[in-house]
Amino acid sequence: MILSNSEIFKALKDGYIIISPAPDILSLDKLGNPFNTTSLDLRLGDTLSIPIKDQPFSYDLRKGGIASFLKKMHERHPINKEGGFTLEPGKFVLSNTMEKIHFPITEGGPCYCARVEGRSSYARIGLLVHFTAPTIHAGFNGTITLELMNFGNNAIVLYPGDYICQLIFEKVCGEIILTPSQFQGQTTPEGK
Amino acid sequence: MALREGWLKCQVSEGMLPEEYTVECNSSDGNTFSFFASQEHVDPAHELVKVNIMDRQSDSCLVYVPSAPLEGGVSRTVKVSSKDVVG
């Protein structure tokens, strides 16, 4: 079930969802209030990870050391606070949210997860903020990586601190099983 | 539901983005797997990454790593050598 803004706020207050810096439901900054009826807007961080150049290689995920290789093929690029960063059509960069998200797995307490989605304003001008991995699982702790792709016909200027994506929160139903012993005796999902 | 936390020996370097590190570890079959982990999960000074210990045998350990390895086919639950796990 998707959480309403009041349920999101309650979970934040009770410590079952931790967001840093914490959003305030009562305050308005120059860009407005991050709480929508059923989601929370998150801001773009101040750094991009940009492919160094168009190089002729293939990613082979069956080989080891992919993370180091990815790091080597990208460079960090701070986003200019005043001028922003111009994402040209067809270009792909990585960034992350300014906010850190933590969904603690608490024994006996409720657990939450979320999905990251784009915002309609950016969608209309062709910006994709994530590809096929929108789920922020229970237990997650960190900033959310954004896969930014300009599918539009014109360049898009991105500024740090702009609300660029939104999180849709859901309450996890049932106990989260993490250890193999908890599945003991079950050979099928039905427990047969 | 509560799992024992431990630390897995790894190689740590700067991540693609701030707030994260690049982490490379070895599985018990000798293959390398790697992922990006948020700073909360990494001790860069000692080259350790925080994991949940799911099962422990004399020579191997089943651990749950803090984010999904990038190598195809490797899940977040990985069998590693017991001598690489601290705690």
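Our structure's up above, just so we're on the same page.
Draft legend 1. The arrangement of the interface of chain A and chain B in detail. Taken residue by residue, the interface counts 33 residues in chain A and 24 residues in chain B. Both sides of the chain A and chain B interface together cover about 2,400 Å² of buried area, and 62% of this is carbon and sulfur. For the pair chain A and chain B, the interface holds four salt bridges. Counting across the interface, chain A meets chain B through 13 residue pairs in polar contact (both at pLDDT 80 or more). Of all elements in the fold, only strand 2 (40-51), helix 2 (66-72), strand 3 (74-78), strand 5 (92-102) and strand 9 (141-150) of chain A reach the threshold of two or more residues within the side of chain A that touches chain B. Sorting elements by how many residues they give to the side of chain A that touches chain B places helix 2 of chain A first, with five residues. When grouped by side-chain class, the residues that make up the side of chain A that touches chain B number ten nonpolar, 16 polar and seven charged.

Draft legend 2. Spatial organisation of the pattern of salt bridges. Applying the stated rule across the entire model yields nine salt bridges over all chains. Here A:Lys10 and A:Asp14 are joined by a salt bridge, their closest N and O atoms 3.4 Å apart. Taken together, the residues A:Lys10 and A:Asp14, both in helix 1 (residues 5-14) and four residues apart, mark about one turn of the helix. Assessed through its relative accessible area of 47%, A:Lys10 is described here as partly exposed. Across the pair A:Lys71 and B:Glu14 runs a salt bridge whose closest N-O atoms are separated by 3.4 Å. In this pair, A:Lys71 sits in helix 2 while B:Glu14 sits in strand 2 (residues 11-14), so the two residues belong to two different chains. What makes B:Glu14 partly exposed here is its relative accessible area of 45%. Among the ionic contacts, a cluster of salt bridges with common partners joins A:Lys71, A:Arg76 and B:Glu14.

Conventions adopted
Residues numbered from 1 in each chain as written. Chains lettered and ligands numbered in written order. Predicted model: local features only at pLDDT ≥ 70, side-chain atom pairs only at ≥ 80, totals over all residues. Heavy atoms only, no water. Contact = heavy atoms within 4.5 Å. Buried area = accessible area lost by both parts, 1.4 Å probe. Salt bridge = Lys/Arg side-chain N within 4 Å of Asp/Glu carboxyl O. Polar contact = N/O pair within 3.5 Å; in protein donor to acceptor, adjacent residues only side chain to side chain. Helix = DSSP H or I, 4+ residues; strand = E, 2+ residues; numbered from the N terminus. Nonpolar A, V, L, I, M, F, W, Y, C, P; charged D, E, K, R; others polar. Buried < 20%, exposed > 50% of the residue type's maximum accessible area, 1.4 Å probe, protein only.

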